[in-house]
Amino acid sequence: MVTSEYERRIAARFATFDQDGNGYIDREDFSGAAKALLAEFDTRARSDKGQALYGGAEAFWQGMAGIADRDGDQRITREEFVNGAVKRLRDTPDRFAEIARPFLHAVLAVAGGGDGDGAVGVEETARALKVLGVPEELAGSAAAALDTDGDGRIGEEEIVGAFARYFTVPE
Ligand code: CA
Ligand code: CA
């Protein structure tokens, strides 16, 4: 079987979701990411923002499991991800954006302090990306690239849109 460039890129996306690197995606990857983000931004789990982040992470996991966990064992294997999730996400990128939105909304609230317009600075975004496993040397440029309108702030539509594009790579 020929592995396309497309499939290789999708496999790299799997590694992003598999936060603890144990070879499958499960609830622990999502709750672990929430926990790490709360630690980075010095936010208590029992606070409103902390609860929103855990809630968003759980909703994200449930949405991904609904799409990709074909055998229902509460784990998304690499094969389930590549053969199930990827094809369906590509067909319905808007759906993926909506699955991810509550989590991303909560990340912005945690990283941005929660006042103002709900947007966060490029620097805070880079910190969040590092916590989520983006290599340090790439996090800054990745965060800057998210600021599509160049105002130095990253808002919900920018981050949701970028997220959907990243994970629904066109062929
Ligand atoms: Ca994992
Ligand atoms: Ca499974």
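The shown structure was predicted, so the numbers you read here are calculated from the model rather than taken from an experiment. (Residues numbered from 1 in each chain as written. Chains lettered and ligands numbered in written order. Predicted model: local features only at pLDDT ≥ 70, side-chain atom pairs only at ≥ 80, totals over all residues. Heavy atoms only, no water.)

K.L.:
I'd like a rundown of the coordination of the calcium ion (ligand 1), residues and numbers included.
P.N.:
Summarising the metal site, the calcium ion (ligand 1) is bound by the protein donors D18 (OD), D20 (OD), N22 (OD1), Y24 (O), D29 (OD) and D29 (OD), whose distances to it range over 2.2 to 2.5 Å. Around the calcium ion (ligand 1), the six donor atoms sit at angles spanning 52 to 156 degrees, and that spread fits a shape best called irregular. Given the relative accessible area of 45%, D20 is considered partly exposed. (Donors = N, O, S within 2.8 Å, 3.2 Å for Na, K, Ca; no water. Tetrahedral: all angles 85-135°; square planar, octahedral: opposite > 155°, others 65-115°. Buried < 20%, exposed > 50% of the residue type's maximum accessible area, 1.4 Å probe, protein only.)

K.L.:
Any chance you could break down the packing of helix α3 (residues 48–68) against helix α5 (residues 93–112) for me, citing the residues and the numbers?
P.N.:
Viewed as axis vectors pointing N to C, α3 and α5 meet at an angle of 160 degrees, and their least axial separation amounts to 8 Å. The orientation of α3 relative to α5 falls into the category roughly antiparallel. Of the two elements, α3 crosses α5, and the hand of that crossing is left-handed. On α5, the residues touching K49, A52, L53, G56, A57, A59, F60, G63, M64 and I67 of α3 are R95, F96, I99, A100, P102, F103, A106, V107, A109 and V110. Counted by class, the contact of α3 with α5 contains 16 nonpolar, two polar and two charged residues. (Axes fitted to C-alpha atoms, helices over the stretch in contact; angles between N-to-C directions. Helix = DSSP H or I, 4+ residues; strand = E, 2+ residues; numbered from the N terminus. Parallel < 35°, antiparallel > 145°, perpendicular 65-115°, else oblique. Left-handed = near helix turned anticlockwise from the far one by under 90°. Contact = heavy atoms within 4.5 Å. Nonpolar A, V, L, I, M, F, W, Y, C, P; charged D, E, K, R; others polar.)

K.L.:
So what's going on with the packing of aromatic side chains? Residues and values would help.
P.N.:
With the rule as written, the count across this model stands at eight aromatic pairs. With a centroid separation of 5.5 Å and 65 degrees between ring planes, the pair formed by F14 and F81 is classed as edge-to-face. In this pair, F14 is assigned in helix α1 (residues 5–17) and F81 in helix α4 (residues 78–91), connecting sequence segments 67 residues apart. In terms of burial, F14 and F81 fall into one category: buried. Taking the centre distance of 5.7 Å and the plane angle of 75 degrees together, the rings of F17 and F60 count as edge-to-face. Of this pair, F17 sits in helix α1 while F60 is found in helix α3, placing the two residues 43 residues apart along the sequence. Residue F60 is classed as buried on the basis of its relative accessible area, which comes to 2%. (Phe/Tyr/Trp six-rings, centres within 6.5 Å; stacked < 30°, edge-to-face > 60°.)

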